[in-house]
Amino acid sequence: MLVSGTGSILDAIVEAGIPVDVVLADRPCLGLLRAADAGIDTELVERDAFDASFDRDAYSARLAEVLQKHEVDLVVMAGFGTILTQPMHDAFGGHILNTHPALLPSFKGWHAVRDALAYGVKVTGCTVHVAGIDVDTGPILAQEAVPVLPDDTEATLHERIKAVERRLYPATIRSILEGNCLL
Ligand code: GAR
């Protein structure tokens with residue numbers, strides 16, 4: 001699993017009994033601490049830059065190398081904050097999953113919840129998909145709608161969406177592992 005944030009979706013996946021070989025983060029974060037607490041192997045493959053000097057291909061290659069060392073079958077992104085490029089897709093293409101806090105193809109990108117609120121949609125949701133080479137693209141495996149309430153803030157709406165992701169993502173991963181959903 002790849003995380004950058006609080007790791008609440010990671011927790012839900014672990015609690016659902018899905019075997020997690022290793023949790024990898026691109027920065028120090030709560031998700032990594034939660035994984036260590038749960039007795040899961042952790043790896044910090046830290047980004048050296050967050051500006052134009054960041055070498056995305058080199059980072060993706062480093063990440064792929066670490067994941068290959070752990071012999072993982074499936075890469076599960078849960079709030080991972082780095083866009084991955086060709087070297088990761090060469091190594092794991094078609095076997096990288098993502099959950100996105102909007103109904104794709106609407107509101108791609110890192111601010112999906114904020115953008116949905118700003119647009120004024122009355123319904124948004126979450127999408128579990130196979131990660132394509134472009135950000136927030138790739139075959140959709142599952143989606144669920146979530147209402148936007150009149151007094152929602154970004155935080156309240158995101159939490160309502162995450163409550164659904166914590167159910168939908170483990171259920172989708174389980175279907176894949178049981179062979180009911182082919183990648
Ligand atoms: C989730 O809502 C996930 O969809 C989102 O980050 C949150 C992670 O929550 N991912 C993205 O926005 C990626 N574009 P968590 O850190 O509590 O598990």
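Here's a quick rundown of the structure. (Residues numbered from 1 in each chain as written. Predicted model: local features only at pLDDT ≥ 70, side-chain atom pairs only at ≥ 80, totals over all residues. Heavy atoms only, no water.)

## Let's talk about the overall build of the protein chain
Then step 1. Scanning the protein chain for helices and strands turns up six helices and seven strands.
Then step 2. A compact globule built from 183 residues would reach a C-alpha radius of gyration of about 16 Å, and the protein chain, at 16 Å, matches this within 12%.
Then step 3. Dimensions of the protein chain along its principal axes, counting C-alpha atoms only, are 45 × 40 × 30 Å.
Then step 4. Taken over 183 residues, the protein chain has a buried fraction of 46%. (Helix = DSSP H or I, 4+ residues; strand = E, 2+ residues; numbered from the N terminus. Rg over C-alpha atoms; globule rule 2.2 N^0.38 Å. Buried < 20%, exposed > 50% of the residue type's maximum accessible area, 1.4 Å probe, protein only.)

## Quick word on the packing of helix α5 (residues 112-119) against helix α6 (residues 154-177)
Then step 1. Two elements in contact, α5 and α6, have axes separated by 9 Å at closest approach and are oriented at 115 degrees. Considering only the axes of α5 and α6, their crossing is right-handed. On α6, the residues that touch Val113, Arg114 and Leu117 of α5 are Glu154, Leu157, His158 and Ile161.
Then step 2. Taken together, the residues that form the contact of α5 with α6 break down as four nonpolar, one polar and two charged. (Axes fitted to C-alpha atoms, helices over the stretch in contact; angles between N-to-C directions. Left-handed = near helix turned anticlockwise from the far one by under 90°. Contact = heavy atoms within 4.5 Å. Nonpolar A, V, L, I, M, F, W, Y, C, P; charged D, E, K, R; others polar.)

## Digging into the site of the ligand
Then step 1. Among the 14 residues in the neighbourhood of the ligand, the closest are listed as Thr6, Ser8, His158, Lys162 and Glu165.
Then step 2. Residue Ser8 places a side-chain N or O atom 2.7 Å away from an oxygen atom belonging to the ligand.
Then step 3. One of the backbone nitrogen or oxygen atoms of Ile9 is found 2.9 Å away from an oxygen atom of the ligand.
Then step 4. Protein contacts shield 93% of the accessible area of the ligand, which totals 450 Å² for the unbound molecule.
Then step 5. When residues in the shell around the ligand are grouped by element, the largest group, three residues, is from α6.
Then step 6. For the shell around the ligand, the class distribution of residues is three nonpolar, nine polar and two charged. (Near = heavy atom within 4 Å. Polar contact = N/O pair within 3.5 Å; in protein donor to acceptor, adjacent residues only side chain to side chain. Areas by Shrake-Rupley, 256 points an atom, 1.4 Å probe, with all protein chains shown as cover.)

Such coordinate-based values are descriptive only and should not be taken to indicate function.
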